[in-house]
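The primary structure of each chain is shown beneath.
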Amino acid sequence: MTGTPGVGKTSVASHVTSIDVVDVNSLADDCDAIVGYDAGRDTDEVDVERLVRAVKAIRGDVLLEGHLSHLLNVDLAIVLRCSPRVLRQRLAVKGWSEPKVTENIEAEAVDVILIEALNAVSVVCEIDTTDMSVEKAAAAVEEICAGESEKYPVGHVDWSQEVIDWF
Ligand SMILES: Nc1ncnc2c1ncn2[C@@H]1O[C@H](COP(=O)(O)OP(=O)(O)OP(=O)(O)O)[C@@H](O)[C@H]1O
Ligand SMILES: [Mg+2]
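Below, the structure is looked at part by part. Positions within a chain are numbered from 1, following the residues in the order the chain's sequence is written. For naming, the first written chain is A and the first written ligand is 1, with later ones following in the order written. Reporting of local features is limited, given that this is a predicted model, to residues whose pLDDT is at least 70; pairs of side-chain atoms are given and counted only at 80 or more, and all residues count toward the totals for whole chains, interfaces and linings.

### Observations concerning the site of ligand 1
- The immediate surroundings of ligand 1 are formed by 17 residues, with P5, G8, K9, T10 and S11 found nearest.
- Of all elements in the fold, only α1 (9–13), α4 (84–93) and α7 (134–145) reach the threshold of two or more residues within the shell around ligand 1.
- Top element by residues in the shell around ligand 1 is α1. It accounts for four residues.
- Taken together, the residues of the shell around ligand 1 break down into seven nonpolar, eight polar and two charged. Nearness rests on one distance test: the residue's C-beta atom, set from the backbone, must lie within 6 Å of the molecule or strand. In DSSP terms, a helix is any run of H or I states spanning at least four residues, a strand is any run of E spanning at least two, and both are numbered starting from the N terminus. Note that Gly is not counted as nonpolar here; it falls among the polar residues with everything else outside the nonpolar set of Ala, Val, Leu, Ile, Met, Phe, Trp, Tyr, Cys and Pro and the charged set of Asp, Glu, Lys and Arg.

Given below as structure tokens:
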């Protein structure tokens, strides 16, 4: 389960009970994959290859949760989406700086994570969480994990009208 930072991955994962959840941020810590810190972007630098090896060592099916999950050689990617307008509010609640908020709502607006997931993973699903409760989003994730990926195809999310209104 991936998506732009702040979209709600950790909140949704906390309501998923049908499959074991692995927090990729903690996994990166545990396997010493955090190799630096980018002060300009206020973000950790992660050795993705090291993370891939750590994921490979996990036995059984798990739900990876984190914005790098789709880069970790996974069978299926669930991309959580949120309209940039609402994402701004979710990031504000987290107390993030204005440059970090702007970077992330721009990334969401132009589908950065979705495109990365489509390039890296053979089955990609999308859940628009904008007007959804956390519980409902978690139920959708559980449906996908139970094999109902075709209920959440990509291609229905389009923030272009919202972005045009920025100008
Ligand atoms: N439908 C929803 N799905 C997920 N989160 C929601 C939803 N509605 C509101 N939220 C809120 O949005 C915020 C999302 O924060 P959260 O830490 O879960 O995001 P994240 O994607 O894990 O971020 P990060 O990439 O920084 O770890 C929380 O405050 C959560 O309560
Ligand atoms: Mg999180």
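### Topic: the nonpolar core
- With 36 residues, the main nonpolar core has M1, I78, V79, L80 and V141 as its most contacted residues.
- The leading source of residues in this core is α7, at five residues.
- In this view, M1 contacts K9, V12, A13, L63, L64, E65, S69, I78, L80 and V141; residues no more than four positions away in its chain are not counted. What makes a nonpolar core is a set of buried Ala, Val, Leu, Ile, Met, Phe, Trp, Tyr and Cys residues, with links drawn between C-beta atoms within 7 Å. Counts of 20 or more other C-beta atoms within 10 Å of a residue's own C-beta define buried residues, counts of 12 or fewer define exposed ones, and intermediate counts define partly exposed ones; C-beta atoms are placed from the backbone. Residue pairs qualify as contacts under a 7 Å threshold applied to their C-beta atoms, which are placed from the backbone.

### A short note on unusual backbone geometry
- Phi is positive for D42, close to 50°, though the residue is something other than glycine.
- With respect to the helices, strands and loops of the structure, D42 is situated in the loop between β2 (34–38) and β3 (43–46).
- Here D42 falls in the exposed class, since 12 other C-beta atoms lie within 10 Å of it.

### With respect to the environment of E148
- By the secondary structure assignment, E148 is in the loop between α7 and α8 (160–164).
- Of the residues examined, E148 has 12 C-beta atoms within 10 Å and is grouped as exposed.
- As a C-alpha pair, E148 and C125 span 23 residues in sequence and 9.9 Å in three-dimensional space.

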